[in-house]
Amino acid sequence: MASYPSTRLRRLRANDWIRRLVRENTLTPADLIWTVIVSDRADPTEPVPSMPGVERLSVAEAAKSAVRARDLGIPAIAIFPNIDPSLKDEEGSRADDPAGLVAQCIKAMKDAAPEVGIICDVALDPFTNHGHDGVLENGQILNDPTIDRLVDQALMQAEAGCDVIAPSDMMDGRVGALRAALDDEGFENVLILSYAAKYASAFYGPYRDAIGSSAALQGDKKTYQMDPANTDEALREVAMDIEEGADMVMVKPGLPYLDIVARVKAEFEMPTYAFQVSGEYAMIKAADANGWIDGERAMMESLLAFKRAGADGILSYFAPFAVEKLNG
Ligand code: PBG
């Protein structure tokens with residue numbers, strides 16, 4: 001083992017050129033998936049109070065964001081809808097609306113910048129009046145009836161031109177059902193990015209404000225999202241989703257779960273993504289606004305941390321801001 005004084009690790013840190021030369025991990029635009037909130041009432045944008053710098057976008061603005069992503073070199077955008085409360089119901093019946101907000105956004109974005117990958121969430125929560133991701137009956141989220149609805153939703157998305165189906169609902173067996181349905185309908189080239197290890201987290205709060213589901217949410221999501229105390233269970237979730245046909249897997253939230261990211265990447269050697277969720281974004285922005293931390297540096301450091309942990313990419317609301325920073 002090398003030891004002091006013949007070894008002085010500070011020699012490798014003495015100047016910018018040597019620090020760059022020995023740097024083990026880097027962040028590039030190609031590591032980022034930009035998470036974008038869209039709304040059927042944005043005219044053309046409206047701020048999300050708990051996420052300073054993030055706005056809900058109209059369909060036309062969503063199309064512009066696809067052009068912006070292309071120009072910045074961001075490979076893909078993940079879209080999340082805020083729909084008019086009057087369209088929400090017990091069953092989330094608008095989740096597969098072929099004329100709805102999500103279908104309109106996919107088409108407008110693919111028209112504007114076909115080079116940018118479009119990723120869509122598969123889950124019912126933006127469309128249900130109770131805010132849950134699945135079919136609710138007598139206080140229970142029903143697994144298999146939910147899967148039927150998710151299949152309808154995903155087929156609508158694929159039909160509209162979505163490139164990547166991303167189930168975020170955490171029902172058992174949905175990846176296999178989605179793969180089979182997509183293949184049956186001729187969408188064998190549509191990818192599945194599974195929210196494989198998704199925890200029941202307090203860090204989703206600002207997102208629920210952003211899509212307008214927080215006020216109505218009854219109870220919590222602990223019967224389908226994972227217990228933050230568990231690690232082995234995350235590996236079982238990921239293993240099953242890969243077995244069922246997931247092309248890529250995700251861990252969510254991000255920074256508090258880097259141990260899971262590292263373990264999943266090491267164990268499965270699959271394309272592995274981490275979601276730096278709304279609460280992580282909000283914390284950095286809030287501390288920055290108070291002058292308590294340097295928000296830009298915290299943004300870049302947190303994104304790099306995902307790469308160090310082994311993530312192949314990061315879903316983040318910071319994506320365009322981070323690329324602008326990378327480009328100087
Ligand atoms: C729901 C969904 C959630 C997020 C993405 N899809 C929240 C939840 O499970 O309640 C969270 C995203 C974020 O916090 O940025 N299907």
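Residues numbered from 1 in each chain as written. Predicted model: local features only at pLDDT ≥ 70, side-chain atom pairs only at ≥ 80, totals over all residues. Heavy atoms only, no water.

*Asks:* How do you make sense of the overall build of the chain when you look at a structure like this?
*Replies:* Check the secondary structure of the chain and you find 11 helices and 12 strands. Against the compact-globule benchmark of 20 Å for 328 residues, the chain has a radius of gyration of 20 Å, which places it among compact chains. Expressed as lengths along the three principal axes of its C-alpha atoms, the size of the chain is roughly 70 × 45 × 40 Å. For the chain, restricting intrachain contacts to residue pairs at least 6 apart in sequence, the fraction spanning at least 24 positions comes to 76%. Of the roughly 14800 Å² that the chain leaves accessible, carbon and sulfur atoms contribute 50%. When the 32 positive and 52 negative side-chain charges of the chain are each reduced to one mean point, those points stand 12 Å apart. (Helix = DSSP H or I, 4+ residues; strand = E, 2+ residues; numbered from the N terminus. Rg over C-alpha atoms; globule rule 2.2 N^0.38 Å. Contact = heavy atoms within 4.5 Å. Areas by Shrake-Rupley, 256 points an atom, 1.4 Å probe, with all protein chains shown as cover. Lys, Arg positive; Asp, Glu negative; His and termini not counted. Charge placed at Lys NZ, Arg CZ, Asp CG, Glu CD.)

*Asks:* Would you mind showing me how to read the site of the ligand here?
*Replies:* Taken together, 17 residues lie near the ligand, and Ser-168, Lys-221, Gln-225, Lys-252 and Tyr-317 sit nearest. A distance of 2.9 Å separates a nitrogen atom of the ligand from a polar side-chain atom of Asp-125. One of the side-chain N or O atoms of Lys-252 is found 3.3 Å from a nitrogen atom in the ligand. (Near = heavy atom within 4 Å. Polar contact = N/O pair within 3.5 Å; in protein donor to acceptor, adjacent residues only side chain to side chain.)

*Asks:* Which parts of the structure should I look at to understand the packing of helix H7 (residues 232-244) against helix H8 (residues 258-268)?
*Replies:* If you want to describe how two helices pack, look at the angle between their axes and the distance between the axes. At a closest axis distance of 10 Å, the pairing of H7 and H8 adopts a crossing angle of 45°. Classed by the angle they form, the pair H7 and H8 counts as oblique. In the packing of H7 onto H8, the handedness of the crossing is right-handed. Contact residues: Asp-232, Ala-234, Leu-235, Val-238, Ala-239 and Ile-242 in H7; Ile-260, Arg-263, Val-264, Glu-267 and Phe-268 in H8. Taken together, the residues of the contact of H7 with H8 sort by class into 8 nonpolar, no polar and 3 charged. (Axes fitted to C-alpha atoms, helices over the stretch in contact; angles between N-to-C directions. Parallel < 35°, antiparallel > 145°, perpendicular 65-115°, else oblique. Left-handed = near helix turned anticlockwise from the far one by under 90°. Nonpolar A, V, L, I, M, F, W, Y, C, P; charged D, E, K, R; others polar.)

*Asks:* Sorry, what's going on with the state of the cysteines here?
*Replies:* A covalent bond between the sulfur atoms of two cysteines is what we call a disulfide. A complete count under the given rule lists 0 disulfides for this structure. Considering cysteine sulfurs only, Cys-162 is the nearest to Cys-120, which forms no disulfide, with 3.6 Å between them. The buried category is assigned to Cys-120, whose relative accessible area is 1%. Classification of Cys-162 by relative accessible area gives buried; the value is 3%. (Disulfide = S-S within 2.5 Å. Buried < 20%, exposed > 50% of the residue type's maximum accessible area, 1.4 Å probe, protein only.)

*Asks:* Teacher, can you tell me more about the side chain of Asp-241 here?
*Replies:* Relative to the helices and strands, Asp-241 is located in helix H7. Residues contacting Asp-241, with those up to four places away along its chain left out, are Arg-174, Val-175, Ser-194, Tyr-195, Ala-196 and Ala-246.

*Asks:* Would you take a moment to explain the environment of Ser-93 for this structure?
*Replies:* The residue Ser-93 is located in the loop between strand S4 (76-82) and helix H3 (101-112) in this model. Within the structure, Ser-93 has its side chain in polar contact with the side chain of Asp-89 (distance 2.2 Å).

*Asks:* In this structure, what is going on with the pairing of strand S12 (residues 313-316)? I would like to understand it.
*Replies:* Across a regular strand the side chains alternate sides, sitting on one face of the sheet and then on the other. Both faces of S12 are covered, namely the face carrying Gly-313 and Leu-315 and the face carrying Ile-314 and Ser-316. When strand S1 (residues 32-39) meets S12, the two strands line up parallel, connected through 3 bridges. Bridge pairing in S12 places Leu-32 opposite Ile-314. As judged from the 4 bridges shared by strand S11 (residues 272-276) and S12, these two strands associate in the parallel manner. In the strand pairing of S12, Gln-276 is matched with Ser-316. (Pairing = 2+ DSSP bridges.)

*Asks:* Explanation requested: the pairing of S1 in the structure shown.
*Replies:* Where burial is concerned, most of S1 is hidden: 8 out of the 8 residues are buried. Examined bridge by bridge, S1 and S4 share 7 bridges and lie parallel to one another. Paired with Ser-39 across the bridge in S4 is Asn-82.

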